[in-house]
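Listed here are the chains, written in short residue letters.
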Amino acid sequence: MVVAMNALGVILARAGSKGLPEKCMRSLLGRPMIEYTFDHVAASRLLTAAVLTTDSEPATAIARRAGIEVIDRPADLASDAATVDAAARHAVERWEGQHGIRTDIVVLLYGNIPVRADGLIDQAIEHLIHTRADSVRSVAPLTKHHPDWLHRLDGDRMSQLRPNSVYRRQDLEPLYYHDGAVAVVTREALFAALEQPDDHQAFLGRDRRALVQHPQDAVDIDEPIDLDLAEAILRRRASGTASRRDEVQGFLKPVTIGRHQIGPGQRTFIVAEAGVNHNGCLDTALRMVDVASDAGADAVKFQMFRAADLVTASAATARYQQEGCGEDSQAVMLAGLELSPDAFRRIKQHCDRCSIMFLATPFGQAQVGQLVELDVRAIKIASTDLTNALLLETAAATGLPIILSTGASTEPEIQTAVESLRRMGATERLILMHCVSSYPTPIEAANLNAISSLEQTFGVPCGFSDHTTSTQIGGWAVTAGACVLEKHFTLDPSAPGPDHAMSLAPSQLKEYVAGVRRMERILGDGRLGMTDREAEVRAVASKSVVAAVDIPAGARLTAEMLTVKRPGTGIPAGDLGSLKGRRAAVDIVCDTTLSWDMIR
């Protein structure tokens with residue numbers, strides 16, 4: 001929950017930019033650049049107010065038309081030597097003096113950044129409040145301009161900026177730059193910087209946090225080429241022909257799990273979640289492998305734990321668990337659902353015979369080791385362990401792909417987990433799963449749009465861990481961008497146990513998988529252009545050039561001699577203009593569909 005605080009947006013727009021004078025007024029898609037920042041401010045639900053601090057008369061006029069309050073920036077704060085924090089403090093003090101309201105949070109927004117991710121301002125404010133940090137800034141990863149690939153020149157003689165042996169981009173140490181899209185600081189940190197005049201970063205405080213974005217989520221206009229890039233992105237968004245997902249897709253690398261490629265545009269990876277629905281019985285678990293294979297799932301997944309290591313003796317069960325198994329103690333319930341390491345070895349062997357991938361969720365470090373010994377192709381981490389840094393570190397150290405569920409987690413917690421995995425070099429093999437930790441989840445609470453939100457925010461393939469009882473929602477999730485689906489199933493939905501009631505019966509699992517595959521066919525590959533299926537209709541329903549009058553051989557063709565009619569078997573209607581001025585090679589009777597052999 002976001003605590004109520006006064007957040008003042010301070011938009012900075014100086015007239016005297018040397019690179020592009022009055023760049024905030026440059027036109028992008030017919031609008032002054034600064035108007036896009038005004039749009040971003042208007043879309044925020046957490047800003048108390050916003051002001052523009054500027055010495056630009058044109059920017060002032062536009063702001064006032066947009067209902068944005070203007071703070072006139074004095075000359076000493078509009079020079080090249082003036083600092084951002086000094087201009088911001090001036091604006092804050094003026095606004096507070098005029099309105100009698102003390103600001104808690106200051107949101108710094110540059111007027112020369114017309115491209116920002118949707119909701120970024122509010123995400124940054126929420127992150128500052130949740131973490132109680134001094135500042136939060138949007139950052140993006142360095143790629144081609146990474147310091148390990150930079151050189152100094154002495155004449156034409158090159159020397160590395162810093163010695164290293166890194167030659168593959170994916171092996172570079174993850175480094176980030178502030179993309180300028182947003183910087184949120186506490187009022188306290190902003191004004192405490194006055195005590196450290198020689199430190200121009202002091203206004204960011206000691207505890208400085210980041211929100212990681214894609215490089216294309218913000219365009220900082222400094223050079224003419226930046227204008228071209230920003231206009232291209234804005235045009236794509238405005239046209240509706242390319243969604244935000246399309247933009248991100250070009251930057252996402254598929255994650256390889258066994259022979260499967262996981263990512264946008266790839267076949268959906270379907271995981272049949274057996275979980276603990278075997279009730280501790282190996283024979284039941286083996287039969288569940290058969291059911292998952294018969295349904296057409298790509299993988300079958302179990303849960304691997306030792307109850308004594310997972311919960312305390314006093315840990316209580318959740319209400320849905322009590323209703324499913326009549327047990328108040330987690331320790332007692334889970335002890336009855338354990339399978340031995342040897343049982344998992346036999347399950348893995350049976351999966352291999354059935355040509356279905358074996359997966360399991362480890363709930364401890366020891367279980368990660370067991371899975372490595374079983375030669376699994378990926379590690380699944382449950383939502384409950386998203387904040388378990390030790391388990392994440394152990395999973396990342398295996399070098400295997402990681403599928404991480406996000407149920408009942410806050411966005412900052414997800415951010416922290418992803419950043420932790422990024423530092424360990426694991427994000428190129430990470431898949432995030434949108435998950436609603438409610439058992440069962442009503443379909444109206446599924447929030448499928450969160451799938452694309454995860455993908456856009458964290459830049460990795462995303463899926464849906466489905467706790468509904470619907471057999472159709474898998475197909476819907478695919479349309480929402482899910483690359484992976486995880487669905488609980490059981491041999492008997494009426495059996496005692498914590499998860500049976502929200503799991504699909506064998507026939508329903510088969511229906512679920514078939515529905516996903518059908519939806520994939522319906523969605524198609526997205527390629528534009530005519531298909532073979534359309535050829536017949538095109539031939540009879542499209543139009544060709546037709547003689548509007550009798551045309552004698554040798555006559556020069558004029559507009560009055562020609563028209564367009566069905567069918568589309570002759571010279572295409574689009575070529576009508578190229579026929580004018582050419583001559584008829586033969587006599588052409590009125591209402592004849594023209595072909596190229598009639599023209600010279």
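Residues numbered from 1 in each chain as written. Predicted model: local features only at pLDDT ≥ 70, side-chain atom pairs only at ≥ 80, totals over all residues. Heavy atoms only, no water.

Visitor: What am I meant to see in the packing of aromatic side chains here?
Guide: The geometry of two aromatic rings is summed up by the distance between their centres and the angle between their planes. Using the criterion set out here, one finds 3 aromatic pairs in the structure. Aromatic pair Phe305 and Phe363: ring centres 6.2 Å apart, planes at 85°, arrangement edge-to-face. Taken together, the residues Phe305 in the loop between strand E15 (299–304) and helix H9 (307–310) and Phe363 in the loop between strand E16 (357–362) and helix H13 (365–373) connect sequence positions 58 residues apart. A relative accessible area of 18% places Phe363 in the buried class. Among the aromatic side chains, those forming a connected cluster through ring pairs are Phe302, Phe344 and Phe358. The ring centre of Tyr36 lies 4.7 Å from the NZ or CZ of Arg31, which sits over that ring. Over the ring of Phe191 we find Arg187, and its NZ or CZ is 4.2 Å from the ring centre. (Phe/Tyr/Trp six-rings, centres within 6.5 Å; stacked < 30°, edge-to-face > 60°. Helix = DSSP H or I, 4+ residues; strand = E, 2+ residues; numbered from the N terminus. Buried < 20%, exposed > 50% of the residue type's maximum accessible area, 1.4 Å probe, protein only. Lys NZ or Arg CZ within 6 Å of the ring centre and 35° of its normal.)

Visitor: Mind showing me how you'd approach helix H2 (residues 57–65) here?
Guide: Residues separated by three or four positions in an α-helix point in the same direction, a consequence of the helix having 3.6 residues per turn. Every buried residue of H2 is accounted for by Ala59, Thr60, Ile62 and Ala63. One side of H2 holds all its buried residues, which, seen down the axis, span an arc of 165°. Of the exposed residues in H2, the ones pointing more than 90 degrees away from its buried face are Glu57, Arg64 and Arg65. The inward-facing, buried residues of H2 contact strand E3 (31–32), helix H1 (34–43), strand E4 (49–54) and strand E5 (69–72). The N-cap of H2, judged by a side-chain oxygen 3.2 Å from the amide nitrogen of Ala59 a few residues on, is Ser56. (Arc of directions from axis to C-beta. Contact = heavy atoms within 4.5 Å. Polar contact = N/O pair within 3.5 Å; in protein donor to acceptor, adjacent residues only side chain to side chain.)

Visitor: What should I look at first to understand the packing of helix H15 (residues 411–423) against helix H16 (residues 449–458) in this one?
Guide: When two helices pack together, their arrangement is given by the angle between their axes and by how far apart the axes lie. The contact between H15 and H16 brings their axes to 12 Å, and the two run at 45°. Relative to H16, H15 is oriented oblique. In this structure, H15 meets H16 at a crossing whose hand is right-handed. Where H15 approaches H16, its residues Glu411, Ile414, Gln415, Val418 and Arg422 are matched on the opposing element by Leu454, Thr457 and Phe458. Tallied by class, residues from the contact of H15 with H16 come to 4 nonpolar, 2 polar and 2 charged. (Axes fitted to C-alpha atoms, helices over the stretch in contact; angles between N-to-C directions. Parallel < 35°, antiparallel > 145°, perpendicular 65-115°, else oblique. Left-handed = near helix turned anticlockwise from the far one by under 90°. Nonpolar A, V, L, I, M, F, W, Y, C, P; charged D, E, K, R; others polar.)

Visitor: When you look at the sheet that holds E4 in this model, what are you seeing that I'm missing?
Guide: Note on sheets: strands pair through backbone hydrogen bonds, and any given pair is parallel or antiparallel. Read from one edge to the other, the open sheet built from 7 strands follows the order E5-E4-E1-E6-E10-E7-E11, with strand pairing classed as mixed. Since the sheet does not close on itself, it has two edges, and those belong to E5 and strand E11 (208–212), each with one partner. On average, each strand axis in the sheet is tilted by 30° relative to the strand beside it, whichever way the strands run. Bridge analysis of strand E7 (residues 135–141) against E11 gives 5 bridges, and the strand direction is parallel. In the strand pairing of E11, Ser135 is matched with Arg208. Lying over the sheet, H1 contacts strand E1 (7–13), E4 and strand E6 (105–110), oriented at roughly 175° with respect to E1. Along the sheet, helix H3 (residues 84–99) makes contact with E1, E4, E5 and E6, crossing E5 at roughly 120°. (Pairing = 2+ DSSP bridges.)

Visitor: I keep staring at the environment of Arg583 and nothing clicks. Help me out?
Guide: As for its placement among the helices and strands, Arg583 is situated in the segment after helix H20 (576–579). Its relative accessible area of 29% is what places Arg583 among the partly exposed residues. Residues Arg583 and Arg319 lie 264 residues apart in sequence; the distance between their C-alpha atoms is 86 Å. Once residues within four sequence positions are removed from consideration, Arg583 is found in contact with Gly554, Ala555, Arg556, Met598, Ile599 and Arg600. Polar side-chain contacts of Arg583 include one of 2.9 Å to the backbone oxygen of Gly554.

Visitor: Would you mind showing me how to read the pairing of E15 here?
Guide: Walk down a regular strand and you will see the side chains alternate between the two sheet faces. Burial runs high along E15: 6 of the 6 residues are buried. Neither face of E15 is open: one carries Ala299, Lys301 and Gln303, the other Val300, Phe302 and Met304, and all of them are buried. Of the strand pairs in this sheet, strand E14 (residues 269–275) and E15 are connected by 4 bridges, and their pairing is parallel. Bridge pairing in E15 links Gly275 to Phe302. Taking the sense of rotation as the criterion, the β-α-β connection linking E14, helix H8 (residues 282–295) and E15 turns out right-handed. Here 6 bridges tie E15 to E16, and the two strands are oriented parallel to one another. Directly across from Ala299, in E16, lies its bridge partner Met357. (Right-handed = clockwise from strand over helix to strand, strands pointing away.)

Visitor: Help me out: how do you make sense of the side chain of Thr441 in this one?
Guide: You can see Thr441 is positioned in the loop between strand E19 (430–435) and H16. A distance of 2.6 Å separates a polar side-chain atom of Thr441 from the backbone oxygen of Ser438. Apart from the residues within four sequence positions on either side, Thr441 is in contact with Val436, Ala446, His467 and Thr468.

Visitor: For this particular structure, what's the right way to read the packing of H1 against H2?
Guide: Their axes nearest at 10 Å, the elements H1 and H2 cross at an angle of 35°. In this structure, the crossing between H1 and H2 has a hand that is right-handed. Of the residues in H2, those in contact with Ile34, Glu35 and Phe38 of H1 are Ala59, Ile62 and Ala63. The residue makeup of the contact of H1 with H2, split by class, is 5 nonpolar, no polar and 1 charged.

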